[in-house]
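Tertiary structure, described
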Amino acid sequence: MPPRLDGGLDGGPVQRCWAPAETVFATIGPTTLATAYRGDGGGCFSAASSYRLTSVRTREVVEPIEVDGDLRTPRQLAGIYYLETLVAETWVRLERLYFARPARSWLIDQACIRGEALPESFACNGRVHFADGGTGPVADEWLNGAGVVFALRDGGISAGASISQLSPFVSTGDVTSWSGDVDGLATLSSTFVLSLFDADGGRRDMPLQRDAGVGLVFRRASRTYFSRLTRSLTGELCEAETFADSGCLPGYVTAALGDEAWGPPAIVDGDWSVVAYVFDGGWVDDPQDRSFVAPSGWGPASTSLRAVQNGVVVQSPNQRRALAWHGVRDGRDDMVLFELPAPLVATGLRSSIAWVSWDGGTFVTR
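Residues numbered from 1 in each chain as written. Predicted model: local features only at pLDDT ≥ 70, side-chain atom pairs only at ≥ 80, totals over all residues. Heavy atoms only, no water.

Observations regarding the overall build of the chain
Rules: Secondary structure is summarised from DSSP: a helix means a run of H or I of at least four residues, a strand means a run of E of at least two, and numbering begins at the N terminus for each. Only heavy atoms matter for contacts: two residues are in contact if any of them lie within 4.5 Å across the pair. Shrake-Rupley sampling with a 1.4 Å probe provides the accessible areas, and residues are treated as covered by the protein chains on show and by no other component. Asp and Glu are treated as the negative residues and Lys and Arg as the positive ones, with His and the ends of the chain left uncounted. Think of each charge as sitting on NZ of Lys, CZ of Arg, CG of Asp or CD of Glu.
Along its length, the chain carries 1 helix and 39 strands. Dimensions of the chain, computed from C-alpha atoms along their principal axes, come out at roughly 80 × 50 × 35 Å. Sequence-distant contacts in the chain: of pairs separated by 6 or more residues, those separated by 24 or more amount to 47%. Looking at the chain as shown, the accessible area adds up to about 16,700 Å², and 49% of this sits on carbon and sulfur atoms. Side chains of the chain give 31 positive and 43 negative charges; the mean places of these two sets differ by 1 Å.

Given below as structure tokens:
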């Protein structure tokens, strides 16, 4: 940040300028956007210009105010806003600003390389940790489906209405990706065999092409979907139950929540982003374009989940900050900002619970 001075810098004319404070903010009230200082004629945000914030989602306009030499928001904001300035009677966008709620977390005193949100608990590296501080059973992997809990144990999958009510469901030894709900379960093996299990015990195996990368499977409306790359390296999104008949449509999903899903764009240009899809009996491009663009320089955070996440987690260039995006709620972006004491090693976001691990522990927050 340029020095804050009462007078000018040596050797040039002076002007009153704004020094931007940040692009990603943890907000619990009015937020400082910039600090006034005296510049020597070089590049700066001139304090003589007019500025405003415009919501990316709602187009709401917020006028910043000056308080004690700082440019601040008049109230707490949530979501992504464009910072704009008035040039020749036209509002010009300067950059995107991200306003997220700070993580109100509970700590698991170990780094969770694998994690999964479960009802009233969290599984860290296979061990269940309850919100009241107690610990529960161990499994190779956990999955909280819609109204049912699944556990992968020694190649067999158990299911139940709660952790205490698990009973054997299917036996399948090789699971690289899976998804389940009250109507069934889908697993993908390392040999690209997609297996569909009905709640009544029926099973169907579908060998998939090995010359195209297959992503994670996920379920919606009791149907199973998966993404894969074609030979031309374009993405396509397929419905498993009708795969042999209807084929696949363009798209690639890496996160899904209810009737909304997100995935990487076909063409990567500039800042990292995901494009949005909506479910209307099938997955189509979101007409409201609720896509997400990460802050400049931020990119995907590491994760080892074997289930599709419910949102997107990105990390700062120094890996000391993580932004978990739950998608759009009530017309705004719902984001949580983690501030870490050391570089992160793993992240996840499911069932409205986000978690971020570093080498000394794991923060978990709703």
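Still to come is the rest of the account.
Looking at the environment of L257
Inspection of the secondary structure puts L257 in strand β28 (residues 255–257). Measuring from C-alpha to C-alpha, the distance between L257 and T365 comes to 17 Å, with 108 residues separating the pair along the chain. Those residues in contact with L257, other than ones at most four positions away along the chain, are W262, N310, H326 and R329.

Observations regarding the confidence of the model for the chain
The following threshold applies: Note on scores: pLDDT gives the predictor's confidence for each residue, bounded by 0 and 100.
Of all residues in the chain, 93% attain a pLDDT of 70 or more, and the chain-wide mean is 88. Across the chain, the element-wise mean pLDDT spans from 56 in helix α1 (residues 243–246) up to 97 in strand β6 (residues 61–62). Note that residues 1–11 has pLDDT below 50 and, in this model, 23 contacts with residues that lie over four places away or in other chains.

Points about the sheet that holds strand β22 (residues 193–198)
Our working rule: Note: two strands are recorded as paired if DSSP finds a minimum of 2 bridges between them. Here, axes are lines fitted to C-alpha atoms. For helices the fit covers the stretch in contact, and angles between N-to-C directions go from 0 to 180 degrees.
Across the sheet, 4 strands lie side by side as β20-β21-β22-β23; this open sheet has antiparallel pairing. Edge positions in the sheet fall to β20 (177–181) and β23 (203–207), since each of these pairs with one other strand and no more. Adjacent strand axes in the sheet meet at a mean angle of 10°, parallel and antiparallel pairs treated alike. Here strand β21 (residues 184–188) pairs with β22 via 5 bridges, running antiparallel.

Here's the deal with the state of the cysteines
Basically, it comes down to this: Put simply, a disulfide is two cysteine sulfurs that come within 2.5 Å. We call a residue buried when its accessible area falls under 20% of the maximum for its residue type, exposed when it is over 50%, and partly exposed in between, using a 1.4 Å probe and counting protein chains only.
Overall, the coordinates contain 3 disulfides when judged by the stated rule. The disulfide partner of C238 is C248, and the S-S distance across this bridge is 1.9 Å. Residues C238 and C248 are joined by a disulfide whose S-S torsion is about 105°; by sign, that bridge is right-handed. Of the two residues, C238 is situated in strand β26 (residues 235–239) and C248 in strand β27 (residues 248–250); the sequence distance between them amounts to 10 residues. By relative accessible area, which is 0% here, C238 ends up buried. Sequence-ordered numbering of the bonded cysteines in the chain yields a pairing of 1-2, 3-4, 5-6.

Here's the deal with the sheet that holds strand β12 (residues 115–118)
A sheet is described by the order of its strands in space; here 4 strands give the open sequence β12-β13-β14-β15, paired in antiparallel fashion. At either end of the open sheet lies a strand with only one pairing partner, and these are β12 and β15 (135–138). Each neighbouring strand pair of the sheet contributes to a mean axis angle of 25°, computed without reference to strand direction. Taken together, the 4 bridges between strand β13 (residues 121–124) and strand β14 (residues 127–130) define a ladder with antiparallel strand orientation. The residue of β14 that forms the bridge with F122 is H129.

Observations regarding the nonpolar core
Selection criterion: The nonpolar core is taken to be a set of buried Ala, Val, Leu, Ile, Met, Phe, Trp, Tyr and Cys residues, with the residues joined through side-chain atoms within 4.5 Å.
Counting 20 residues, the largest nonpolar core has Y98, F292, W298, V314, L323, W325 and M335 as the members making the most contacts within it. At the level of elements, β9 (79–87), β10 (90–102), β30 (273–279), β34 (312–315), β35 (321–329) and β36 (332–339) are the ones that each hand at least two residues to this core. Looking at this core element by element, the count peaks at 3 residues for β35.

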